[in-house]
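# Summary of structural features
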Amino acid sequence: MIRLATLDDLSCVYSIGLSHFNTNELASGWTFERIRSLISENHSYVFVKDNRIVGFCLASSQCVFADGCHIEWTAVVAEHRGAGARLFLHVLTCLRKTYKKRVFVDVLPSNTSVLDMLKRYGFRNYDQQGDFRILAL
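We now turn to the structure provided with this report. Since this is a predicted model, take the numbers as computed values, not measurements.

For helix H1 (residues 10-20), the full list of buried residues reads Leu-10, Val-13, Ile-16 and Gly-17. Each buried residue of H1 lies within a common arc of 130 degrees when the element is viewed along its axis, so the set occupies one face. Residues of H1 that are exposed and angled more than 90 degrees away from the buried face: Ser-11 and Ser-19. Looking at the buried side of H1, the elements it contacts are helix H3 (32-40), strand E2 (45-49), strand E3 (52-60) and strand E4 (68-76).

With that settled, the discussion passes to the side chain of Ser-61. With respect to the element layout, Ser-61 can be found in the loop between E3 and E4. Assessed through its relative accessible area of 13%, Ser-61 is described here as buried.

Here we come to the side chain of Asp-9. By the secondary structure assignment, Asp-9 is in the loop between strand E1 (2-4) and H1. For Asp-9, a relative accessible area of 5% translates into the label buried. Non-local contacts of Asp-9, meaning those with residues more than four positions away in its chain, are made with Arg-3, Leu-4, Val-46 and Ile-53.

All right, on to the pattern of salt bridges then. Overall, the coordinates contain four salt bridges when judged by the stated rule. Across the salt bridge formed by Glu-33 and Arg-36, the nearest N and O atoms sit 3.4 Å from each other. Of this pair, Glu-33 and Arg-36 both sit in helix H3, three residues apart, which is roughly one turn of the helix. Its relative accessible area of 30% is what places Arg-36 among the partly exposed residues. With its nearest N and O atoms 3.2 Å apart, the salt bridge here joins Glu-79 to Arg-52. Of the two residues, Glu-79 sits in the loop between E4 and helix H4 (83-99) while Arg-52 sits in strand E3, which places them 27 residues apart along the sequence. According to the relative accessible area criterion, Glu-79 is exposed, its value standing at 55%.

What counts and how
- Residues numbered from 1 in each chain as written.
- Predicted model: local features only at pLDDT ≥ 70, side-chain atom pairs only at ≥ 80, totals over all residues.
- Heavy atoms only, no water.
- Buried < 20%, exposed > 50% of the residue type's maximum accessible area, 1.4 Å probe, protein only.
- Helix = DSSP H or I, 4+ residues; strand = E, 2+ residues; numbered from the N terminus.
- Arc of directions from axis to C-beta.
- Contact = heavy atoms within 4.5 Å.
- Salt bridge = Lys/Arg side-chain N within 4 Å of Asp/Glu carboxyl O.

Here's what the structure looks like:
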């Protein structure tokens with residue numbers, strides 16, 4: 001089941017996030033407060049299986065790159081990796097319906113499976129920001 005994330009989910013989302021990065025990477029940008037802020041915007045969702053959060057997709061109605069929305073971070077626990085695409089598409093659909101703006105995603109160029117998926121969904125290269133490739137739909 002996919003549902004809107006609430007502040008009650010914050011610790012679980014943070015924990016899943018920690019499992020994807022080492023502590024230094026998370027501390028450099030993905031702080032507890034940043035995740036709280038994104039969940040508070042009411043555009044972030046969690047994927048729940050057997051009453052357990054197994055993934056999340058954090059999104060914002062604002063984007064620093066241009067006028068648009070930004071899907072900031074999607075992560076799923078290892079045993080439910082296939083749920084990530086479903087979760088991402090759900091959030092993408094919600095953002096497009098609500099804002100009718102462009103949607104931006106930043107991806108590491110080494111993450112070729114995600115880049116391929118995004119291109120299949122119609123995302124195109126937009127810009128390069130540091131280590132990240134920015135794609136827009």
